[in-house]
Amino acid sequence: MNDSLHVAIIMDGNGRWARERGLPRTAGHHAGVKSLREVVEVAVQRQIHTLTLYAFSSDNWQRPKSEVTALMRILAAQLPAQTARCIRQNIRLSIIGRRDRLPETVLQAILYAEARTEKGTGLHLRLALDYSARDALVRAAQYIRSNGNGDFTHALTHAYNATCPVPDVDLLIRTGGEQRLSDFLLWECAYAEFYFTPEYWPDFGGAQLDVALAAFRQRQRRFGAVPV
Ligand code: IPE
Ligand code: IPE
Ligand code: MG
């Protein structure tokens, strides 16, 4: 569909999805894995270039320990499981964010997933873990100061452990009804189109992604210029 389309998703609403069913919040996180699989599947079919998914923010460490542990367990189990699928589908999987505070199991799963999928030439799937855009911006500035390197995109790429620079975000989707960025890709969303939907993440899937893409196609992007 698009040579360089970058879609980013704030996968929100797992806790409320679970609460409405009388389930623990962690059940919502487990249910969200299916949505993730479906969305990736459709992203591949629609030939999206880059898909960045917000899985765990640096502020999410403030949650109850039991919830954080459950999320880390899901990640440690799902990363290797999804790696096989990524290889089959020619997906390159990379993880952005800080790595120094993650449990060893998750860190090992990241290194395994990245190494096994690095030759993928199809969808570039990026998972944001222990990610804070502000933190990345500060680190990028520090990197430039200490290296004397003025290329900010390069510094930012380095700051959140990305493997390579990616195009700016074209479409930012947030599920769960909130209309905010919650410290996600502040720099890269400079001209992003925003799409907010009340559906909770476990209720979001390929069909809903198609609806968001259709809405995006109706937008007129001007980038500050006057349309001709
Ligand atoms: C998003 O769902 C998943 C993570 C932040 C890890 P939430 O857990 O934030 O769900 P709500 O917003 O409380 O419903
Ligand atoms: C943003 O959702 C982080 C992820 C979806 C991973 P939050 O639920 O943490 O954001 P706030 O607290 O509503 O801003
Ligand atoms: Mg939330």
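As shown above, the structure is provided for reference.
Overview of the structure.

Analysis parameters
- Residues numbered from 1 in each chain as written.
- Chains lettered and ligands numbered in written order.
- Predicted model: local features only at pLDDT ≥ 70, side-chain atom pairs only at ≥ 80, totals over all residues.
- Heavy atoms only, no water.
- Near = heavy atom within 4 Å.
- Polar contact = N/O pair within 3.5 Å; in protein donor to acceptor, adjacent residues only side chain to side chain.
- Areas by Shrake-Rupley, 256 points an atom, 1.4 Å probe, with all protein chains shown as cover.
- Helix = DSSP H or I, 4+ residues; strand = E, 2+ residues; numbered from the N terminus.
- Nonpolar A, V, L, I, M, F, W, Y, C, P; charged D, E, K, R; others polar.
- Salt bridge = Lys/Arg side-chain N within 4 Å of Asp/Glu carboxyl O.
- Buried < 20%, exposed > 50% of the residue type's maximum accessible area, 1.4 Å probe, protein only.
- Pairing = 2+ DSSP bridges.
- Right-handed = clockwise from strand over helix to strand, strands pointing away.
- Axes fitted to C-alpha atoms, helices over the stretch in contact; angles between N-to-C directions.
- Contact = heavy atoms within 4.5 Å.

**Some thoughts on the site of ligand 2**
For step 1, the next point in the chain: Neighbouring residues of ligand 2: Ile 10, Met 11, Asp 12, Tyr 54, Ala 55, Phe 56, Asn 60, Arg 63, Arg 174, Arg 180 and Ser 182.
For step 2, the next point in the chain: The side chain of Asp 12 places a nitrogen or oxygen atom 3.2 Å from an oxygen atom of ligand 2.
For step 3, the next point in the chain: The contact in question runs from an oxygen atom of ligand 2 to an N or O atom on the side chain of Ser 182, over 2.6 Å.
For step 4, the next point in the chain: Here ligand 2 has 390 Å² of accessible area as a free molecule, and 78% of this is covered by the chains.

**Considering the site of ligand 1**
For step 1, the next point in the chain: In the region of ligand 1, 13 residues are neighbours, and Asp 12, Gly 15, Arg 16, Arg 25 and Arg 63 sit closest.
For step 2, the next point in the chain: In this structure, Arg 16 approaches ligand 1 through a side-chain N or O atom, which is 2.7 Å from an oxygen atom.
For step 3, the next point in the chain: Arg 25 places a polar side-chain atom, nitrogen or oxygen, 2.9 Å from an oxygen atom of ligand 1.
For step 4, the next point in the chain: Across the complex, the protein chains shield 87% of the 380 Å² of accessible surface that ligand 1 would expose by itself.
For step 5, the next point in the chain: For the shell around ligand 1, the element with the highest residue contribution is helix α1 (residues 14-19), accounting for 3 residues.
For step 6, the next point in the chain: Across the shell around ligand 1, the residue classes tally to 3 nonpolar, 5 polar and 5 charged.

**Notes on the pattern of salt bridges**
For step 1, the next point in the chain: Summed over the entire model, instances satisfying the criterion amount to 16 salt bridges.
For step 2, the next point in the chain: Residue Glu 41 is joined to Arg 85 by a salt bridge in which the shortest nitrogen-to-oxygen separation is 3.0 Å. Of the two residues, Glu 41 sits in helix α2 (residues 25-45) while Arg 85 sits in helix α3 (residues 65-88), which places them 44 residues apart along the sequence.
For step 3, the next point in the chain: In this structure, a network of salt bridges that share partners links the residues Asp 12, Arg 16, Arg 174, Glu 178 and Arg 180.

**Focus: the pairing of strand β4 (residues 124-131)**
For step 1, the next point in the chain: Taken across its 8 residues, β4 has 8 buried, putting it largely inside the fold.
For step 2, the next point in the chain: Pairing analysis gives 7 bridges linking strand β2 (residues 50-57) to β4, with the strands arranged parallel. When the sheet's bridge partners are listed, Leu 53 is paired in β4 with Leu 127.
For step 3, the next point in the chain: Sheet topology places strand β3 (residues 92-96) next to β4; 5 bridges connect them, and they run parallel. By the bridge assignment, Ile 96 is partnered in β4 with Ala 128.
For step 4, the next point in the chain: Note that the unit made of β3, helix α4 (residues 104-117) and β4 has a crossover that is left-handed.

**Details of the sheet that holds β3**
For step 1, the next point in the chain: One open sheet holds the 6 strands; their spatial order is β3-β4-β2-β1-β5-β6, and the pairing between them is parallel. Both edges of this open sheet fall to β3 and β6 (193-196), since each of them pairs with a single strand only. The average undirected angle you get between the axes of adjacent strands in this sheet is 20 degrees.
For step 2, the next point in the chain: As defined by bridge partners, strand β1 (residues 6-10) adjoins strand β5 (residues 171-174) across 4 bridges and the pair is classed as parallel. When the sheet's bridge partners are listed, Ala 8 is paired in β5 with Leu 172.
For step 3, the next point in the chain: Each of β3 and β4 touches α4; the most contacted strand, β3, lies at about 145 degrees to it.

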